[in-house]
Amino acid sequence: SDSMREGTKPNVKNPLAFKDWAQRPREVSFMIDQLQNLETLVPAIKGRVARDKIGIGGHSFGAHTTMLLAGAQSLRPLRGGERDDFLEKRAQAFVMVSPQGRSNQLDAASFKSMQGPFLMITGTQDASPTNGKDYKWRLEAWNFAAAAPDCYLLLMAGAHHGFGGISGTVRFTGAGPADSDDMEAVRSSALALFDAHVRGDALAQNWLKSGQITRATADGARFTWLEKE
């Protein structure tokens, strides 16, 4: 209800923006609940949906939703330390492009409850369009997450909040210039995580473990790949 599709304008201060943050993870879980019914409503996908193979991913506000579904527990304001839990146990992997750090809703402990496998992606020019904090704030999600196997971080030197154009034609504050290398890095690493842990693809798993993406550019210095251990 608070999406751009429903009228929330980018680059415009709007009291409705982000107001339904808690509804977003609930809507994702509801859609998973309804997969069988969707196959009936949309005959073209009947028999083509693997309801036991689920990956969840998102960019920016979508990364926030994905973190909650991966188990990050949000604080309840004025409720004495109580927390909300949106963990979606049916998902096998999570991709968070431009995650959020600590706020009045998420503290260091919020991230410790996240479960993998997951991939976080940010860039050194990935400043927040809402609070102005730089990419080090986004790294807090990675730094505070508990050590666990199959959890990765891709840090992209020079990448802005739009990662070269992953949102298509939508322009917004801090999006940055078009960059096909940045877009390909996001695409290939996200697909590798989903292929490895949703489809069980051994080649994708080997690609993740090898850190091969660090050698994807000529100077070999643009992409940093870390594994949470």
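To start, this report covers the structure provided alongside it.

What counts and what doesn't
- Residues numbered from 1 in each chain as written.
- Predicted model: local features only at pLDDT ≥ 70, side-chain atom pairs only at ≥ 80, totals over all residues.
- Heavy atoms only, no water.
- Helix = DSSP H or I, 4+ residues; strand = E, 2+ residues; numbered from the N terminus.
- Rg over C-alpha atoms; globule rule 2.2 N^0.38 Å.
- Buried < 20%, exposed > 50% of the residue type's maximum accessible area, 1.4 Å probe, protein only.
- Contact = heavy atoms within 4.5 Å.
- Areas by Shrake-Rupley, 256 points an atom, 1.4 Å probe, with all protein chains shown as cover.
- Lys, Arg positive; Asp, Glu negative; His and termini not counted.
- Charge placed at Lys NZ, Arg CZ, Asp CG, Glu CD.
- Salt bridge = Lys/Arg side-chain N within 4 Å of Asp/Glu carboxyl O.
- Polar contact = N/O pair within 3.5 Å; in protein donor to acceptor, adjacent residues only side chain to side chain.
- Core = buried A, V, L, I, M, F, W, Y, C linked by side-chain atoms within 4.5 Å.
- Pairing = 2+ DSSP bridges.
- Axes fitted to C-alpha atoms, helices over the stretch in contact; angles between N-to-C directions.
- Phe/Tyr/Trp six-rings, centres within 6.5 Å; stacked < 30°, edge-to-face > 60°.
- Lys NZ or Arg CZ within 6 Å of the ring centre and 35° of its normal.

**Some remarks on the overall build of the chain**
And step 1. Helix and strand content of the chain: 7 helices and 7 strands.
And step 2. Going residue by residue from the N terminus, the α and β elements of the chain occur as α-α-β-α-β-β-β-α-β-α-β-α-α-β.
And step 3. Taken over C-alpha atoms, the radius of gyration comes to 18 Å for the chain, in line with the 17 Å a tight globule of 229 residues would show.
And step 4. Along the first, second and third principal axes, the C-alpha atoms of the chain reach 45 × 45 × 35 Å.
And step 5. Burial statistics for the chain: of 229 residues in total, 43% are counted as buried.
And step 6. Here the analysis covers contacts within the chain between residues at least 6 apart in sequence; of these, 64% occur between residues at least 24 apart.
And step 7. Accessible surface, the chain: about 12,000 Å² in total, of which carbon and sulfur atoms supply 53%.
And step 8. Counting 27 positive and 25 negative side-chain charges, the chain places the averaged centre of each group 3 Å from the other.

**What to know about the environment of Lys19**
And step 1. Its place among the elements puts Lys19 in the segment before helix 1 (23–33).
And step 2. Of the residues examined, Lys19 reaches a relative accessible area of 44% and is grouped as partly exposed.
And step 3. Sequence separation between Lys19 and Thr40 is 21 residues, and the spatial gap between their C-alpha atoms is 32 Å.

**Here's the deal with the pattern of salt bridges**
And step 1. A full pass over the atoms with the stated rule returns 15 salt bridges.
And step 2. Between Arg76 and Asp84 there is a salt bridge, with its nearest N and O atoms 2.8 Å apart.
And step 3. The shortest N-O distance in the salt bridge between Arg102 and Glu140 comes to 3.1 Å. Of the two residues, Arg102 sits in the loop between strand 4 (93–97) and helix 4 (108–112) while Glu140 sits in helix 5 (residues 135–144), which places them 38 residues apart along the sequence.
And step 4. We classify Arg102 as partly exposed; its relative accessible area is 40%.
And step 5. Through salt bridges with shared partners, one network takes in Asp179, Asp181, Asp182 and Arg222.

**Overview of the side chain of Glu39**
And step 1. Within the secondary structure layout, Glu39 lies in helix 2 (residues 35–41).
And step 2. Using a relative accessible area of 6% as the deciding quantity, one classes Glu39 as buried.
And step 3. Separated by 2.6 Å, the side chain of Glu39 and the backbone nitrogen of Gly47 make a polar contact.

**As for the nonpolar core**
Generally speaking, soluble globular proteins have nonpolar side chains that are buried together.
And step 1. Formed by 25 residues in total, the largest nonpolar core has its most connected members in Ile56, Met67, Phe94, Met96, Met114, Phe118 and Met120.
And step 2. Elements with a minimum of two residues in this core: helix 3 (61–69), strand 4, strand 5 (118–125), helix 5 and strand 6 (151–160).
And step 3. Of the residues forming this core, the biggest block, 4 residues, is contributed by helix 5.
And step 4. What Met114 contacts, discounting residues up to four positions off in sequence, is Met67, Ala70, Gly71, Ala72, Met96 and Met120.
And step 5. Listed in part, the 23 residues of the second largest apolar core include Ile121, Ala159, Leu208 and Trp225.

**Things to note about the side chain of Thr66**
And step 1. Summarising the element assignment, Thr66 is placed in helix 3.
And step 2. Among the polar contacts listed, one links the side chain of Thr66 to the backbone oxygen of Gly62, at a separation of 2.8 Å.
And step 3. Filtering out sequence-adjacent residues up to four positions away, Thr66 remains in contact with Ile56, Gly57, Gly58, Phe94, Val95 and Met96.

**Some points on the sheet that holds strand 4**
And step 1. The strand order across the open sheet formed by 5 strands is 1-4-5-6-7, and the pairing between neighbours is mixed. Only two strands of the sheet have a single neighbouring strand rather than two, namely strand 1 (55–59) and strand 7 (223–227). Neighbouring strand axes in the sheet, compared pairwise and without regard to direction, differ in orientation by 15 degrees on average.

**A few points about the packing of aromatic side chains**
And step 1. Using the criterion set out here, one finds 5 aromatic pairs in the structure.
And step 2. Centroid distance Trp207 to Trp225: 5.9 Å. Interplanar angle 70 degrees. Geometry classified as edge-to-face. Taken together, the residues span a long stretch of sequence, with Trp207 in helix 7 (residues 202–210) and Trp225 in strand 7 at a distance of 18 residues.
And step 3. Through a chain of ring-to-ring contacts, the aromatic side chains of Tyr152, Trp207 and Trp225 assemble into a single cluster.
And step 4. One Lys or Arg, Lys228, reaches over the ring of Trp142 and ends 4.8 Å from the middle of that ring.

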